[in-house]
Amino acid sequence: MEVATDYTCAALPKRTKLGPAAAAARARHADAWRCMERFGVKQLRADGTFKLRGCDNAARSGHNDMTSLGETITCETADWPARVALAFELALGSEADPWSLLMGTDDVSMAYRRLGNRTPQYGVVCQANPETGEACFFILPGMNFGLKAAVNQFNRVAETLVEFARVRLGVCCTHFFDDVAVCEPCFAKRTGQVLVGQLHDIVGFPFAPAKHEPMRQRAVFLGVLADFSRLASTGVVCIGPKPGRMERIVATLTEALAAGRINPSAAKSLAGKLQFLLASVLYGGRVGRGFLWHFRIAGARGHSVSFTGAFAAAASFLLAVLAALPPRRIHVRDILRAWRRPPVVVWSDAMWELDRSHPGGVGFVIWVPENHLGPGRPAHFLFGARDVTWGDVATLRLRPDRRQQVGQLEALAAVCPYESAPAVFRGADVLHFIDNTSALYGVVKGSSPQVDSQRIISALHIAQIVGRFATWFSYVPSKSNISDLPSRGAIGEMRDILRRLDPTFSLEAAVVAVRFPDVAEGWEARGAERVRAARRV
């Protein structure tokens, strides 16, 4: 309690006194003030020790319930340094004079406390006096850490400063709330970080000197270590978790799974840490992030949540994949070459009718662009079709009591092309069309509340991590979906349509044996081993 009181007093302006309720009366409207309960949150320092940060419970006091926001924010992601490397490689190329990238970070000192607040009577906090136990009230400057409104209010300032630095000062920079990062070529002589620091000093949002990290080739941003040391020679950027972070997260997740339950605060904390960690060890984008949906739901509950069903499957998969994964290597020049060629295009579909001997079916059609599989290889179509039997329903562990399985089969059909023709998709950009909105939502979001669907979507993520391909999923009306035909066994009709586009199309040359993903018991461990094996190559 004494530490929390010291933290609160440090945030107060000079000559602000500690006192009982009379202190709150000094607010501009003494008869309308509303206070928040203050509590301490333990935070881990870089040196392994803990500090206590004051947080105000604006949810319990009703502040947040009475706040509505007309805007939302879009936060920066941990793979920002790799995107900067791509931009500079595109602009400068490998044939220019030798160059590499440097990155440095800073942190705005007492960021929320420097904001303007026209209603200070709503920023009063209550904390017990450590000596007497008496309830004491403080009028804190700026915005409270815990107010819903504080997030948008501060990010307005941060976004403005970053945009000014980019447009008027020519600095390549970004921010995540009050964390500011600068990343630029070595020939800039570290001037970008100096300019951004001076800008923040001028407008009254100075950086904390103790948290200054100078420009260097290996730097940490959002808990992710970016390494540019091999960029000049090989075109590779390595990003991975900063030392010790992976081990701590794996230990926390292991402990929670062993207990079988997780409380809301632990679930929120894990969701935040895993969000940045996944960007550093998996194949970027939203791969793996869908699993965090379960942790965010658990964090929003008012009680502990058990690890059951899809939540347990998601947590087990994350634990199996994260353990012992090496840093992610981003081949910048390979990505640029991929950008210059057209994407592979996929259509997938499924059907389910109980009155058939084989109640289900899946099908897909793939368009492979010219030269994609090698110089001189013409553009061509591939296709796959397979019945789904009752035995397959059992093997895929679909719920047998569900009369309608089309949603699960549509997700299954979306995975089948990548399992059946992996060589076509390795390192490729893919445009994938689906005519079922439920399945489309699941694969885009990356998760599903249905356990069987979650396993199928997880298989898609495994294939994407192993094959290093990037997929953009989009909707297509059923009548425009060519894969509707093979999913229903109308192979001849599909052939006639495709021959209008490619007169050389042949069923025998284009057919692909359809392979279902591995979702049998123990799929998490086997999938994790596939990922580790692929990353070791």
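Model, not experiment: these values are computed from the prediction.

Basis of the calculations
- Residues numbered from 1 in each chain as written.
- Predicted model: local features only at pLDDT ≥ 70, side-chain atom pairs only at ≥ 80, totals over all residues.
- Heavy atoms only, no water.
- Helix = DSSP H or I, 4+ residues; strand = E, 2+ residues; numbered from the N terminus.
- Expected span 1.5 Å × (residues − 1).
- Buried < 20%, exposed > 50% of the residue type's maximum accessible area, 1.4 Å probe, protein only.
- Pairing = 2+ DSSP bridges.
- Axes fitted to C-alpha atoms, helices over the stretch in contact; angles between N-to-C directions.
- Core = buried A, V, L, I, M, F, W, Y, C linked by side-chain atoms within 4.5 Å.
- Parallel < 35°, antiparallel > 145°, perpendicular 65-115°, else oblique.
- Left-handed = near helix turned anticlockwise from the far one by under 90°.
- Contact = heavy atoms within 4.5 Å.
- Nonpolar A, V, L, I, M, F, W, Y, C, P; charged D, E, K, R; others polar.

On to helix H13 (residues 406-420). Between the first and last C-alpha of H13 there are 20 Å, a value that for 15 residues agrees with the 21 Å anticipated at 1.5 Å per step. Counting buried residues along H13, 14 of its 15 residues qualify, which places the element largely inside the surrounding structure.

So, about the sheet that holds strand E10 (residues 224-227). Strands in a sheet are paired, the pairing made by backbone hydrogen bonds, and the direction either parallel or antiparallel. Within the open sheet, the four strands sit side by side as E9-E10-E11-E14. Their pairing is antiparallel. The open sheet has two edge strands with one neighbour each: strand E9 (218-221) and strand E14 (328-331). Averaged over all neighbouring strand pairs, the angle between strand axes comes to 25 degrees, with direction disregarded. Sheet topology note: the strand E11 (residues 236-241)/E14 ladder contains four bridges and is antiparallel. Across the sheet, the residue bridging to Val 236 is His 331, located in E14.

Attention now moves to the sheet that holds strand E15 (residues 344-352). Taken in spatial order, the five strands make up an open sheet running E17-E16-E15-E18-E19, and their pairing is mixed. Pairing within the sheet leaves two strands with one partner each, and these edge strands are strand E17 (380-388) and strand E19 (470-475). Strand after strand, the sheet turns through a mean of 20 degrees between neighbouring axes, direction not considered. With five bridges connecting them, E15 and strand E18 (residues 429-434) associate as parallel partners. When the bridges of E18 are listed, Trp 347 appears paired with Phe 433.

Before going further, it helps to spend a moment on the nonpolar core. If you look at the biggest cluster of nonpolar residues, it comprises 40 residues, and the most contacted ones within it are Val 362, Ile 366, Leu 412, Tyr 418, Val 424, Phe 425 and Phe 516. Those elements that provide at least two residues to this core are E15, strand E16 (360-368), E17, H13, helix H14 (422-425), E18, helix H15 (437-445) and helix H16 (451-467). Counting 25 residues, the second largest nonpolar core, distinct from the first, contains Leu 86, Ala 226, Phe 228 and Val 332.

Examined bridge by bridge, strand E4 (residues 124-128) and strand E5 (residues 135-139) share five bridges and lie antiparallel to one another. For Cys 126, the partnering residue across the bridge sits in E5 and is Phe 137. The hairpin formed by E4 and E5 contains six residues between the paired strands, and Gly 133 there has a positive phi angle of roughly 80 degrees.

On to the packing of helix H3 (residues 80-92) against helix H11 (residues 332-339). One can describe the packing of H3 onto H11 by two numbers: an axis separation of 10 Å at closest approach and a directional angle of 70 degrees. In terms of orientation, H3 and H11 fall into the roughly perpendicular class. Taken as a pair, H3 and H11 cross one another with a handedness that is right-handed. Here Ala 85, Leu 86, Glu 89 and Leu 90 of H3 come into contact with H11, specifically with Val 332, Arg 333, Ile 335, Leu 336 and Trp 339. Split into classes, the residues belonging to the contact of H3 with H11 amount to seven nonpolar, no polar and two charged.

Another point: unusual backbone geometry. Of note, the phi angle at Met 110 is positive, near 45 degrees, even though the residue is not glycine. By the secondary structure assignment, Met 110 is in the loop between strand E3 (101-107) and E4. Even without being glycine, Arg 397 reaches a positive phi, approximately 55 degrees. Assignment of secondary structure puts Arg 397 in the loop between helix H12 (390-395) and H13.

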